Amino acid sequence: MVAYVCLLQEGISNIPKFIEKAIENKYSVVATSINANMLPFEPQESDPTYPATVLGALDWNSKVIFTLSDVNVDSPNAKLRAYAKEVLLREANWAEHLQHSGNVMVSLRGPQNENLAAIVRSKTKDLFPAGNWLIRVPITNPELATFEHRKDATEEDIAKAEAIDPWSWWNNLRLAVDHNPKVKVVIELNDSDRPCKETVRRWLGEPIEAIIIPSSLFIRNRSNYAVLKKEWQIIIGHFIAVRANIIISTNPNDNALNQYADYLNKLISENTDCHAINSYEHVLEIPLQPLGDNLDTYTYEIFEADPVKYKLYQNAVQAALLDRVSDNEAKSKLTVIMLLGGGRGPLARAVFNAAELAQRKVRLYIIEKNPNAIRTLSYMVKTLWANKDVHIFSKDMREFNPPELADILVSELLGSFGDNELSPECLDGALKLLKPDGISIPYKSTSYINPVMSSVLYQNTCALPNATAFDCGYVVLMKNIYHIDEPQALFEFMHPNREEKIDNTRCQVLKFTAKKNCVMHGIGGYFDTHLYKDICLSINPLTHTPGMFSWFSMFFPTQPRTLKEGQTVSIKFWRCVDATKVWYEWQVVDSPEDWEHHNICGIGYSIRLWTE
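Reading guide: rules and limits
Residues numbered from 1 in each chain as written. Predicted model: local features only at pLDDT ≥ 70, side-chain atom pairs only at ≥ 80, totals over all residues. Heavy atoms only, no water. Core = buried A, V, L, I, M, F, W, Y, C linked by side-chain atoms within 4.5 Å. Buried < 20%, exposed > 50% of the residue type's maximum accessible area, 1.4 Å probe, protein only. Helix = DSSP H or I, 4+ residues; strand = E, 2+ residues; numbered from the N terminus. Contact = heavy atoms within 4.5 Å. UniProt positions renumbered as here; feature names shortened; annotations may be inferred. Pairing = 2+ DSSP bridges. Right-handed = clockwise from strand over helix to strand, strands pointing away. Phe/Tyr/Trp six-rings, centres within 6.5 Å; stacked < 30°, edge-to-face > 60°. 1 Å grid on protein atoms, 1.4 Å probe; cavity = no way out; pocket = protein on both sides within 12 Å on 5 of 7 lines; lining within 4 Å. Points joined across faces, edges and corners; volume = space filled by probe spheres on them. Nonpolar A, V, L, I, M, F, W, Y, C, P; charged D, E, K, R; others polar. Domains from an automatic or database assignment. Axes fitted to C-alpha atoms, helices over the stretch in contact; angles between N-to-C directions.

The protein goes by Protein arginine N-methyltransferase in an unreviewed UniProt entry, where it is assigned to Drosophila kikkawai.

Written as structure tokens, this is what we have:
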């Protein structure tokens, strides 16, 4: 199903009329009991009470979510358990008959779900039917709602209830079905207990199909219109931002259905980011090899669509020109700038804009190894920069012999991890191009890592056909992600590096602490870079440059492990270099045992130092 706002009402006997009413009130999907007339513990062969022909196949698959009976297939009572299993299987079979790619929803009643997991596993193990099983989980322990009406509840009772975490019910079932991508979670909010921030953040790392908002969460404003309190708006906004669908749960006699839908559609529009790169969400991409491969025009075009990055580069060059050339020298002193990797010209434009704003004279050398990009640059020199002091060289910067040395080196060789496009090796090789007092823009880059939970990224890694899928670092636009702890600085590189003996290998162990019970699926990778003085670019989640989307995060997968709140996780990370390549290795160590060691000797992923 595409994104939807769904109306959930139980006990509906006429599904076509229910759909008609929902559509009239601006809902695109309905959810209801698969059989309103069935007595759960007295299944009759005559049930269900409606034929498959009341709707066409397209409507069954696209407009209906079936809620299965709330029966306990894990009951300690053997008789009840057997009856419950019979009921659930009969309903699941009927749903499969009606829907080959629809959704059925089943509720978790507590921590014991072995039998339910076995049923879900058996129903989702094959390619067909292609529908999803939606696991309905309360966001907080439902027992907490009863304390409002109980006078006998002690503080100990309340503390015990607060310690019960429904996420663990979901986690046990998720692990039992081996992270099956057909099994998704539906999170049910309730008006008696608002979840804390960390609880909400943790759910964002799960494969969320939807959130259920009971109509009791709505209040009336001064205009007698149904609205949500600010606190609930923020919580629901977080779920909307990770593409969670909305299910409104009401009773059949509710007459404010239209108001709920209007309000939620407005909230969706306010919390949904719509941009050209949305299609990359959760897509695992092998990082670019700009030294080994020549980029195509499609890739260049994506980079050039980011206005923030080039404006900051322009600001950095402008500030450097103003610092290095006084007003008295402005008309006489020439600054030589070398652009290392010109692409199709956006950084060159930034340099020329900076020179014009600073009113300083510059000579620009553009060094670009991609012969296809040289064609575009040459055209720009003839048509746009004919009156500029600009010179193009089709060379690898490490092999270039300049006619003169540069005052400023400008480069954009960062990649999503700061050094994974080999900026240290490239800029070290280009040091001979720079005057003794020359500077580099950028002058420092730092990589960051942290442990993350993301079922979707783990599932996507498992779906890759290669045997070394867990030995590769991926570039990915992360959406459903939970940061188990905040990122920490990993490797730092300074430019220009004038040390007598240069060593770009690195090894570091960082310790992190789980803020909540969770599952670690891998390691997030980020970077920030200082262009000039305090002008920075960052994709670190803590300091992300607003509006910049040129670089996605890195994801280094691990095999999933459940972590306890307060548990320490030590991550050991290597940057390795030999004569032909650079690669990363990673391993969780002493936590309390060592986990798998990934990408040993670059078996799954490495960055080539030279074109093959």
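S.K.: Talk me through the nonpolar core; I want residue IDs and the actual numbers.
M.R.: Membership of the largest hydrophobic core comes to 178 residues, with the highest contact counts inside it found for F66, I213, I236, F239 and F573. If you tally residues by element for this core, the top one is strand 21 (residues 518-532), at eight residues. Residues contacting F239, with those up to four places away along its chain left out, are I139, I187, V200, W203, L204, I208, I211 and A244. C6, L8, A210 and I212 belong to the second-largest nonpolar core, a separate cluster that totals twelve residues.

S.K.: Break down the UniProt feature "site: Critical for specifying symmetric addition of methyl groups" (unreviewed entry) in the protein for me, citing the residues and quoting the values.
M.R.: Under the local residue numbering, the UniProt record ascribes the feature "site: Critical for specifying symmetric addition of methyl groups" (unreviewed entry) to F303. Note on placement: F303 falls in helix 10 (residues 297-304). Residues in contact with F303, not counting those within four places in the same chain, are L288, L295, K309, Y310 and S550.

S.K.: An account of the pairing of strand 15 (residues 434-441) is requested, with residue identities and associated values reported.
M.R.: Sheet topology note: the strand 14 (residues 406-411)/strand 15 ladder contains four bridges and is parallel. Bridging from a neighbouring strand, I408 pairs with I439 of strand 15. Read as a crossover between parallel neighbours, the route from strand 14 over helix 14 (residues 423-429) to strand 15 is right-handed.

S.K.: Residue-level account of the packing of aromatic side chains, with values.
M.R.: The full count for this structure, using the stated rule, is 20 aromatic pairs. Seen in terms of ring centroids, F491 and F573 are 6.3 Å apart; in terms of plane orientation they differ by 65°. Their pairing is edge-to-face. Taken together, the residues span a long stretch of sequence, with F491 in strand 19 (residues 488-494) and F573 in strand 24 (residues 568-577) at a distance of 82 residues. Residue class for F491 comes out buried when judged on its relative accessible area of 2%.

S.K.: Before we move on, can you summarise the layout of surface pockets with the specific residues and values?
M.R.: Its boundaries defined by the atoms lining it, the largest pocket holds a volume of some 1300 Å³. Forming the walls of the largest pocket are 40 residues, and the residues nearest its centre are M478, K479, I481, H483 and P541. Among the elements that take part in the lining of the largest pocket, helix 8 (residues 230-241) stands out by supplying five residues, more than any other. The residue inventory of the lining of the largest pocket, partitioned by class, reads 23 nonpolar, six polar and eleven charged. Lining the lining of the largest pocket are residues from two domains, each supplying at least three of them: domain 1 (5-271) and domain 3 (444-608).

S.K.: Give a description of the environment of G438 that names residues and reports values.
M.R.: Within the secondary structure, G438 is located in strand 15. Assessed through its relative accessible area of 8%, G438 is described here as buried. Residues G438 and Y448, ten residues apart in the sequence, show an inter-C-alpha distance of 28 Å. Setting aside anything within four residues of it in sequence, one finds G438 in contact with R324, A406, D407, P496 and R498.

S.K.: Go over empty space enclosed by the protein, please, and point to the residues and values.
M.R.: This structure, assessed with the given rule, holds three cavities of 30 Å³ or more. In this structure, the largest cavity encloses a volume near 120 Å³. Every residue lining the largest cavity is counted, 13 residues in all, and those nearest its centre are E96, V104, P129, G131 and W133. Elements that contribute at least two residues to the lining of the largest cavity include exactly helix 3 (78-98), strand 4 (103-107), helix 4 (114-124) and strand 5 (132-138). The element that contributes the greatest number of residues to the lining of the largest cavity is helix 3, accounting for three residues.

S.K.: Outline the sheet that holds strand 5, supporting the account with residue identities and numerical values.
M.R.: For sheets, the rule is that strands pair by backbone hydrogen bonds, running either parallel or antiparallel. Around the barrel, eight strands lie side by side as 1-2-3-4-5-6-7-10; this closed barrel has parallel pairing. Within the sheet, the average angular offset between the axes of one strand and its neighbour, ignoring direction, is 25°. Sheet topology places strand 4 next to strand 5; five bridges connect them, and they run parallel. The residue of strand 5 that forms the bridge with N103 is N132. The strands touched by helix 8 within the sheet are strand 6 (183-188), strand 7 (208-214) and strand 10 (245-249), with strand 7 carrying the most contacts at an inclination of about 155°. Strand contacts of helix 9 (residues 257-271): strand 1 (5-8), strand 7 and strand 10, with the helix running at about 160° to strand 10, the strand carrying the most contacts.

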